[in-house]
Amino acid sequence: MAMVATKTAATTKTVRRDNFLPANISLQVILLNRQTMEEKKEDSRKVVIELQNVKRYFKVGDETVKALRGVSFKIYEGEFVTIMGTSGSGKSTLLNQLGCLDTPTSGEYFLDGTPVRKMSKSQRAKLRNRKIGFVFQNYNLLPKTTAVENVELPLMYNKKYNAAQRREAAIKALQAVGLGDRLEHKSNQMSGGQMQRVAIARALVNDPAVVLADEATGNLDTRTSFEMLVLFQELYHQGRTIIFVTHNPDIAKYSSRNINLRDGKIREDVVNDNILSAADALASLPAPQDD
Ligand code: ADP
Ligand code: MG
């Protein structure tokens, strides 16, 4: 605000000295136009997620645990947002809100424009299936089931797909994550990194508004973690909206924005102007050694 005021004063001064504008009204029009242009620039980005003063309290005996104490933010289409915080800071509680798995005690949550709080459980489930692709730490694949079958799963409830189209979409999604040669492998025949790729393909197959990852590299070794980050950065460059919840602060270097939680509140919310390349990081890792 202070900066705007200074700018206005300076402009006014210049115009008065040059004396080529007939009246202050014209100046006001110019300033007004500039303001609306700036507002438009801001508005042109599509809001995928909006939280308005979201609180989530839990009653435990006589006590109330305040897991979220008023969290507000907007996430725009195409952002790769990491949500960080130490244990107990409220990450899982927030993730459950974002994923429509739980509802706030107060405040409002808009997912792709739809207000979530007053929805019934089944309405929320439908919205979740349509709008969100989940990637979990434990992959959550069906055991002894092929990659294709796992990826087809979210499309089972989608009337737009028949069996052949489901299979085709699943194969495409698996090819996109580099698993075109593992289509018929069962989950128990795959490495952790491969299972997470299947999970990412499954998250993408429904073309969701947002990909929600919960400690998606938590169970993987360093090299495989970077391979996953390479994949997430590729998705980011393709314009996907990604939210990646983690306790690992290093991952923020590879995202476009980082939201830091502490005691159920936002401590920091910063855009990353210097996004590191996960591909470069992967290339500079020491060569894997046999032991
Ligand atoms: P994080 O995922 O960052 O470790 P959580 O969201 O799991 O944090 O927890 C935030 C706080 O809320 C903690 O104090 C936790 O004990 C409390 N909490 C979370 N879920 C519940 C619940 N279902 N019942 C009671 N307390 C909870
Ligand atoms: Mg947690």
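Residues numbered from 1 in each chain as written. Chains lettered and ligands numbered in written order. Predicted model: local features only at pLDDT ≥ 70, side-chain atom pairs only at ≥ 80, totals over all residues.

Asks: Tell me what's going on with the nonpolar core, and back it up with residues and numbers.
Replies: In terms of nonpolar packing, the biggest core is built from 62 residues, with Val151, Ala173, Leu174, Ala201, Ala213 and Ile243 touching the most fellow members. Sort the elements by how many residues they give to this core and helix α7 (residues 192–204) lands first, with seven residues. With residues up to four places along the chain from it excluded, the contact list for Ile243 reads Ile75, Val81, Ile83, Leu98, Val210, Leu212 and Ala213. (Core = buried A, V, L, I, M, F, W, Y, C linked by C-beta atoms within 7 Å. Buried ≥ 20, exposed ≤ 12 C-beta atoms within 10 Å, placed from the backbone. Helix = DSSP H or I, 4+ residues; strand = E, 2+ residues; numbered from the N terminus. Contact = placed C-beta atoms within 7 Å.)

Asks: Give a description of the site of ligand 1 that names residues and reports values.
Replies: With respect to spatial proximity, the complete set of residues near ligand 1 consists of Phe58, Val60, Val65, Ala67, Gly85, Ser87, Gly88, Ser89, Gly90, Lys91, Ser92 and Thr93. Among the elements of the structure, β1 (47–60), β2 (63–76) and α3 (91–98) are those that each provide at least two residues to the shell around ligand 1. For the shell around ligand 1, the element with the most residues is α3, which contributes three residues. When its residues are assigned to classes, the shell around ligand 1 shows four nonpolar, seven polar and one charged. (Near = placed C-beta within 6 Å. Nonpolar A, V, L, I, M, F, W, Y, C, P; charged D, E, K, R; others polar.)

Asks: Run through the pairing of strand β10 (residues 265–271), naming residues and quoting values.
Replies: Sheet topology note: the strand β9 (residues 257–262)/β10 ladder contains six bridges and is antiparallel. The partner of Arg257 across the bridge, within β10, is Val271. Between β9 and the antiparallel strand that follows it, β10, lie two residues; Asp263 among them carries a positive phi value of about 50°. (Pairing = 2+ DSSP bridges.)

Asks: Describe the sheet that holds strand β6 (residues 132–135), and please don't skip the residues or the numbers.
Replies: With mixed pairing, the six strands of this open sheet are ordered in space as β6-β7-β8-β3-β9-β10. Bordering the open sheet on either side are β6 and β10, each of which pairs with just one other strand. The sheet shows a mean angle of 15° between the axes of neighbouring strands, taken without regard to direction. Bridging between β6 and strand β7 (residues 210–214) involves four bridges; their strand directions are parallel. (Axes fitted to C-alpha atoms, helices over the stretch in contact; angles between N-to-C directions.)

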